[in-house]
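# Results of the structural survey
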Amino acid sequence: MKPTSQLISDIAKKIRYEITKMSHLGEAAHLGSSLSCVDLIVALYHVFLKIEPSKPFDRLRDRFILSKGHAISSLYAVLVSRDFFSEDLLATFNQDGSSLPEHPSPNCMPGVEVATGSLGHELSIGIGHALASKILTEPDKVVVLLSDGECNEGTVWEAALFAPAKNLNNLIAIIDFNKWQATGRSEETMTLSPLKNKWESFGWQTYEIDGHNIDEILDTFNKISKKQEKPIAIIAHTIKGKGISFMEDDNNWHYRIPTQEELLKVKNELGII
Ligand SMILES: Cc1ncc(C[n+]2csc(CCOP(=O)(O)OP(=O)(O)O)c2C)c(N)n1
């Protein structure tokens, strides 16, 4: 039976606390960036992706690539929520000698497919997987989660041209459109709007959704799991720092690390026991 949207929300809430704790313990930045994509990653791993924790290297698994690799804490915590590895390891995030680095390397943990962190390259890597699957007539799909600032990179648009040209209908790009970059508003850095029209005009079938509305996320996944002709782009409107009142849409949390007191505040606010 598929998990309900209430269950997905509950898991996401727990993960919001876990990643705040990871940022605190590991003195790691990018908490706001991780919070903006939690709902999407939980919905992917608990509903959409066909990938089994007991067979993380199964040839026919779906692939997920977190192109905005600086938000890796959310992927690690979601992998734990699916039992890919033990929860204890989360406390070692970003520590010396840890197998959970702040930017991931391939297979650093089961379920982590690709080294990410250098923005702009991973849609092309996803295309490589998707093209290989098409050539081999294999059934798996590939999902790449990008950030909006990343869409300033020319490599993203070269990849965006390539995928429709090869009819990669097994490829899904999700853009975590939180309207911020490291030091300012995305729109002020380089105009992205109208982002949906841009992907559409490059030949992608495009959806625009609220990236925190679980029902809307699941509905969209439902639509695209049917046979489609083109690669899919989902423009997910999100809020950086989502879910924690004093972090929402405050870009200081791109770099800020929560104190012990703030961690407690988050615990209380999320109702974590
Ligand atoms: C090629 C490259 N240049 C610079 C950086 C440093 N960097 C880390 S996060 C970031 C931008 C963050 O904004 P965005 O990509 O929109 O993601 P958000 O954190 O807002 O989700 C930058 C420039 C990088 N990771 N890769």
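Structure first, text after, so check above.
What comes next is a walk through the structure. Remember, predicted model here, so these are calculated numbers, not experimental data.

In this section: the environment of aspartate 219. Mapped onto the elements, aspartate 219 comes out in helix H9 (residues 214-224). A residue is classified by how many C-beta atoms lie within 10 Å of it, and aspartate 219, with 13 of them, is partly exposed. Taking the C-alpha atoms as reference, aspartate 219 lies 9.9 Å from isoleucine 209; in sequence the two are 10 residues apart.

Of note, the amide linkage connecting serine 193 to proline 194 takes the cis form, showing an omega dihedral of -5 degrees. Phi is positive for asparagine 107, close to 60 degrees, though the residue is something other than glycine. For asparagine 107, the location among the structural elements is in the loop between helix H4 (72-81) and helix H5 (122-135). Of the residues examined, asparagine 107 has 14 C-beta atoms within 10 Å and is grouped as partly exposed.

Of all 11 residues in helix H3 (residues 38-48), nine are buried, a share of seventy percent or more. Of the residues making up H3, those classed as buried are Val38, Asp39, Leu40, Ile41, Val42, Ala43, Leu44, Tyr45 and Phe48.

Within strand S5 (residues 232-237), five of the six residues are buried, leaving the element largely enclosed by the surrounding structure. In terms of strand pairing, strand S3 (residues 171-177) meets S5 through six bridges, oriented parallel. Paired with aspartate 176 across the bridge in S5 is alanine 236. As paired strands, strand S4 (residues 205-210) and S5 are joined by six bridges and run parallel to one another. The residue bridging isoleucine 209 from the neighbouring strand is alanine 236, located in S5.

Moving on, we get to the environment of aspartate 140. One can find aspartate 140 in the loop between H5 and strand S2 (142-147). Here aspartate 140 falls in the partly exposed class, since 19 other C-beta atoms lie within 10 Å of it. C-alpha separation for the pair aspartate 140 and arginine 63, spaced 77 residues apart in sequence, amounts to 7.6 Å. Residues within four places of aspartate 140 in sequence aside, it is in contact with Leu60, Arg61, Asp62, Arg63 and Ser133.

With respect to spatial proximity, 20 residues lie near the ligand, and among them Ser33, Leu119, Ser147, Gly149 and Gln181 are the closest. For the shell around the ligand, the class distribution of residues is three nonpolar, 12 polar and five charged.

This part takes up the sheet that holds S5. Here five strands make up an open sheet; going across it, the order is S1-S2-S3-S5-S4 and the pairing parallel. Of all the strands in the sheet, just strand S1 (63-66) and S4 have a single pairing partner and so form its edges. On average, each strand axis in the sheet is tilted by 15 degrees relative to the strand beside it, whichever way the strands run. Pairing analysis gives four bridges linking S1 to S2, with the strands arranged parallel. Residue pairing for S2: phenylalanine 64 is matched across the bridge by valine 143. Its contacts with the sheet place H5 against S1, S2 and S3, and it is angled at close to 175 degrees to S2.

With that settled, consider H4. By the criterion of burial, H4 is predominantly enclosed, with nine of the 10 residues buried. Restricting attention to buried positions, one finds in H4 the residues Ile72, Ser73, Ser74, Leu75, Tyr76, Ala77, Val78, Leu79 and Val80. Residues of H4 that are buried in the fold lie against helix H1 (5-26), helix H2 (31-36), H3 and S1. Aspartate 83 lies just past H4 and shows a positive phi near 65 degrees.

Rules used throughout
Residue numbers restart at each chain and count upward from 1, following the sequence in its written direction. Given that the model is predicted, a residue must reach a pLDDT of at least 70 before its local features are reported, and side-chain atom pairs must reach 80 or more before they are shown or counted; all residues, however, enter totals for whole chains, interfaces and linings. A run of DSSP states H or I qualifies as a helix once it reaches four residues; a run of E qualifies as a strand once it reaches two. Both are numbered from the N-terminal end. To sort residues by burial, count the other C-beta atoms lying within 10 Å of each one's C-beta; a count of 20 or more means buried, 12 or fewer means exposed, and anything in between means partly exposed. C-beta atoms are built from the backbone. In this scheme, strands are said to pair when DSSP sees at least two bridges between them. We call two residues in contact when the distance between their C-beta atoms, placed using the backbone, is within 7 Å. A residue counts as near a molecule or strand when its C-beta atom, positioned from the backbone, falls within 6 Å of it. Each residue is assigned to one of three groups, with Ala, Val, Leu, Ile, Met, Phe, Trp, Tyr, Cys and Pro labelled nonpolar, Asp, Glu, Lys and Arg labelled charged, and all others, Gly among them, labelled polar. For every element, the axis is a line fit to its C-alpha atoms; helices are fit only across the contacting stretch, and the angle between N-to-C directions ranges from 0 to 180 degrees.

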